[in-house]
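# Survey of secondary and tertiary structure
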Amino acid sequence: MVMATTHSERVSCVEEAIEWIGQEHTKTRQHRQNRGEDALTTDIITDMKAMGFEASHDKDYGGHGDIVVECRDQFLWIGEAKIHNSYDWLFKGFQQLDTRYSTGLPGQEDGGLIIFCRGPRADEVMKTWTEHLKEQRPDVEINLVEGQPLMRRSQHVHSATGRLFKVKHIPISLYFEPKDKQPRKPRAKRASVKKRIAA
């Protein structure tokens, strides 16, 4: 991030950091089952700060955005994080990001929607989320991301500035339902010693 000289380079730095953190959190998902949205988001913020980002939680820019990353040249990237429990809940997060937190100004026209997936099949979640967003916001163009089949990119005209506002939709899979601790079927009872002796 320190060496980045263009807006696109800075956006790439932020996205790559969050994606790497998401992969690490997926590896330790068994320890994240009882953590709420704020706690999961704070984990990301803490990791980003450790990586050298100027990142904060609940900064009051149009409201309290979940992840705010700032840098020189008026760079501002805002992310909204939601635990997926319904597609309307995800849509609320998108609307907050778009119409409340983002400015749409030069150097501030990118953001992210981080989706914590506690259920199975993150691929199906993202497919349905894409369809739901298209239905609710026909003005939003949504595309697959090459080499990242679970992720999506969207863009639309920002209502405040008329500039394109771009959002990367980043799922973090926290599904954890191990089958190795399922109750075992009862073993057939062994024949008694007396029956074995009699035989």
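Residues numbered from 1 in each chain as written. Predicted model: local features only at pLDDT ≥ 70, side-chain atom pairs only at ≥ 80, totals over all residues. Heavy atoms only, no water.

### With respect to the nonpolar core
Here is the rule: We call a set of buried Ala, Val, Leu, Ile, Met, Phe, Trp, Tyr and Cys residues a nonpolar core when their side-chain atoms join them within 4.5 Å. A 1.4 Å probe rolled over the protein chains alone gives each residue an accessible area, and that area as a share of the maximum for its type sets the label: buried under 20%, exposed over 50%, partly exposed in between. Put simply, DSSP H or I for four residues or longer makes a helix, DSSP E for two residues or longer makes a strand, and each gets a number counted from the N terminus. Whether two residues touch is decided by their heavy atoms; if any such pair falls within 4.5 Å, the residues are in contact.
Counting 24 residues, the largest nonpolar core has Met48, Val69, Ile114 and Phe116 as the members making the most contacts within it. Here this core gets 5 residues from one element, more than from any other, and that element is helix H1 (residues 7-27). With near-sequence residues (within four places) excluded, Met48 lies in contact with Val14, Ile18, Ile21, Phe53, Ala55, Ile67 and Val69.

### Some details on unusual backbone geometry
Positive phi, close to 60 degrees, is recorded for Asp73, a residue that is not glycine. Along the chain, the position of Asp73 falls in the loop between strand E4 (67-71) and strand E5 (75-83).

### Some remarks on the pairing of strand E6 (residues 110-117)
Taken residue by residue, a regular strand's side chains alternate between the two faces of the sheet. We apply this condition: Between any two strands, at least two bridges found by DSSP are needed for them to pair. For crossovers, right-handed means that the path from the first strand over the helix to the second runs clockwise, given strands pointing away from the viewer.
Along E6, 8 of the 8 residues are buried, which leaves the element largely enclosed by surrounding structure. The alternating pattern of E6 places Asp110, Gly112, Ile114 and Phe116 on one face and Gly111, Leu113, Ile115 and Cys117 on the opposite face, and all of these are buried. Alignment of E5 against E6, held across 7 bridges, turns out to be parallel. Across the sheet, residue Ile78 finds its bridge partner in E6, namely Gly111. In terms of handedness, the path from E5 via helix H3 (residues 87-101) over to E6 forms a crossover that is right-handed.

### Brief notes about the layout of surface pockets
Gaps between atoms show up when a probe of the same size as a water molecule is rolled over them. Applicable threshold: For cavity detection a 1 Å grid was placed over the protein atoms alone, and a set of points counts as a cavity when a 1.4 Å probe fits there but cannot get out; an open set counts as a pocket when protein lies on both sides within 12 Å along at least five of seven lines, with lining residues being those that have an atom within 4 Å of a point. Grid points are joined across faces, edges and corners, and a volume is the space filled by probe spheres set on the points. Any residue outside Ala, Val, Leu, Ile, Met, Phe, Trp, Tyr, Cys, Pro, Asp, Glu, Lys and Arg is labelled polar, Gly included; the first ten of those are nonpolar and the last four are charged.
Its boundaries defined by the atoms lining it, the largest pocket holds a volume of some 240 Å³. If you go around the largest pocket, the residues you meet are Ile18, Glu19, Gly22, Gln23, Thr26, Gln148, Leu150, Met151, Ile170, Pro171, Ile172 and Ser173. Only H1, strand E8 (148-157) and strand E9 (164-173) provide two or more residues apiece to the lining of the largest pocket. Of all the elements, H1 adds the most residues to the lining of the largest pocket, at 5 residues. For the lining of the largest pocket, the class distribution of residues is 6 nonpolar, 5 polar and 1 charged.

### Remarks on the pattern of salt bridges
Keep this limit in mind: Any Lys or Arg side-chain nitrogen found within 4 Å of a carboxyl oxygen on Asp or Glu counts as a salt bridge.
Tallied over the full model, the rule gives 13 salt bridges. Where Glu19 meets Lys168, a salt bridge forms, and the shortest distance between an N and an O atom there is 2.6 Å. With Glu19 in helix H1 and Lys168 in strand E9, this residue pair connects regions lying 149 residues apart in the sequence. By relative accessible area, Glu19 is classed as buried at 11%. Under the relative-accessibility criterion, Lys168 is labelled buried at 3%. The closest approach of N and O atoms between Lys27 and Glu24, which form a salt bridge, is 2.8 Å.

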